[in-house]
Amino acid sequence: MDRNHLKHQVLNMRRSLFDQLEELKDDANPNFVEEIVTLFYTDSARLIQNIEQALVNKPIDFVRLDDMLHQFKGSSSSIGAKKVKEACTQFGEYISAENAEGCTRALQLIKQEYAVLRRKLETYFQVYRWRDNLDKLRLHICSDLHKEPSGLAICEN
Amino acid sequence: MYLGEAGSSSNRMKSVEEKNDEPIRKTLSALIVDDDALIRKVHLTILKSLGFVAQVASNGKEAVDVFRSGANFDIVFIDMDMPIMNGIETTKALRAMGVNCKIVAVTSRGTDVEMEDFVQAGVDFFHVKPLTVAKVIPFVERLQK
């Protein structure tokens, strides 16, 4: 994979997922996005499990189900997980209608979208770390060569 | 009643900061009230990036206790669904205590009923999650006046 293609792929993934969260990252908080995503994974695993259990219980407590769903929707929207959030919205409609079968189907959709999101995030972080390491390596190599006043001018070409 | 998107305050904000003859902008303080650790972290980072000194509370009772201890804030961002005391109960309690800072409800539902209940409780503004930098900037401008 050439460098420009990789850069383009990383930029597109960022733009579609966490533009604003990435912009909040700084020297004091360099792992902010990974920390947020880790929290999201923990929350999501717990909520999905609780929602599954709530759908098995008879009679179904739709009020409790709604509360759990909105918690999941809130955290999904806060990391920019649009498709998971949209799946939650669909689920919410079935809860309002007290449609147990619809809720079960909607949960499957949420789990699918969540699985897709996790794969994308894992790829994103792998690419990001690879690119970060590559940049560090370039800087290291450049510092060993004779430098332009800008420091990196030779390596940019 | 303020609802929805922030508009284009960010450019104005930058020009104020660049001018040397502008009055010193005070440091704003905020309290974030949400039972979700992820939301607290995101909101805390957003507010800090905008220069706020921010504190968190994980439910309404904690928020009330923080104010009872004598703390004051320029603005409170509060969730609806929380254990022990929800956002509406907390807002009512804070107003009954004489807390008159701006209170912004930040929820994941955004239903008309919820909004009306929050307004009756004494909230000043209402946003649907997620809270973003663009949504917070207008509050910075208002509070600096």
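Residues numbered from 1 in each chain as written. Chains lettered and ligands numbered in written order. Predicted model: local features only at pLDDT ≥ 70, side-chain atom pairs only at ≥ 80, totals over all residues. Heavy atoms only, no water.

## A few points about the UniProt feature "modified residue: 4-aspartylphosphate" (unreviewed entry) in chain B
All names here are of chain B.
Here is step 1 of the chain: With numbering aligned to this structure, UniProt lists the feature "modified residue: 4-aspartylphosphate" (unreviewed entry) at Asp79.
Here is step 2 of the chain: Within the secondary structure, aspartate 79 is located in the loop between strand E4 (75-78) and helix H4 (87-96).
Here is step 3 of the chain: Apart from residues no more than four positions distant in its own chain, aspartate 79 is found in contact with Val33, Asp34, Asp35, Gly87, Val106, Thr107, Phe118 and Lys129. (UniProt positions renumbered as here; feature names shortened; annotations may be inferred. Helix = DSSP H or I, 4+ residues; strand = E, 2+ residues; numbered from the N terminus. Contact = heavy atoms within 4.5 Å.)

## Here we look at unusual backbone geometry
Here is step 1 of the chain: At the junction of Lys58(A) and Pro59(A), the peptide bond is cis and its omega measures out at -5° in the coordinates.
Here is step 2 of the chain: Here Pro59(A) lies in the loop between helix H3 (32-56) and helix H4 (62-78).
Here is step 3 of the chain: With an omega of 10°, the peptide bond running from Lys129(B) to Pro130(B) counts as cis.
Here is step 4 of the chain: With respect to the element layout, Pro130(B) can be found in the loop between strand E6 (125-128) and helix H6 (133-144).

## Quick notes on the UniProt feature "domain: Response regulatory" (unreviewed entry) in chain B
Here is step 1 of the chain: Mapped onto this structure's residue numbering, the UniProt feature "domain: Response regulatory" (unreviewed entry) falls at residues 29-144 of chain B.
Here is step 2 of the chain: Regarding residues 29-144 of chain B, the helix share stands at 47% and the strand share at 21%, and the terminal C-alpha atoms are separated by 11 Å.

## Details of the interface of chain A and chain B
Here is step 1 of the chain: Residue-level contacts link 21 residues of chain A with 16 residues of chain B.
Here is step 2 of the chain: With both chains or domains summed, chain A and chain B bury close to 1500 Å², and 61% of this area falls on carbon and sulfur atoms.
Here is step 3 of the chain: The three residues of chain A that bury the most area against chain B are Leu24(A), His70(A) and Ser78(A), which together make up 31% of that side's buried surface.
Here is step 4 of the chain: At the boundary of chain A with chain B, the tally comes to 3 salt bridges.
Here is step 5 of the chain: The residue Asp66(A) makes a salt bridge to Arg109(B) at a minimum N-O spacing of 2.5 Å.
Here is step 6 of the chain: Residue assignment for the side of chain A that touches chain B shows that the elements contributing at least two residues are helix H2 (19-23), H3 and H4 of chain A.
Here is step 7 of the chain: Examining the composition of the side of chain A that touches chain B, we find that 9 residues originate from one element, H4(A), more than from any other. (Buried area = accessible area lost by both parts, 1.4 Å probe. Salt bridge = Lys/Arg side-chain N within 4 Å of Asp/Glu carboxyl O.)

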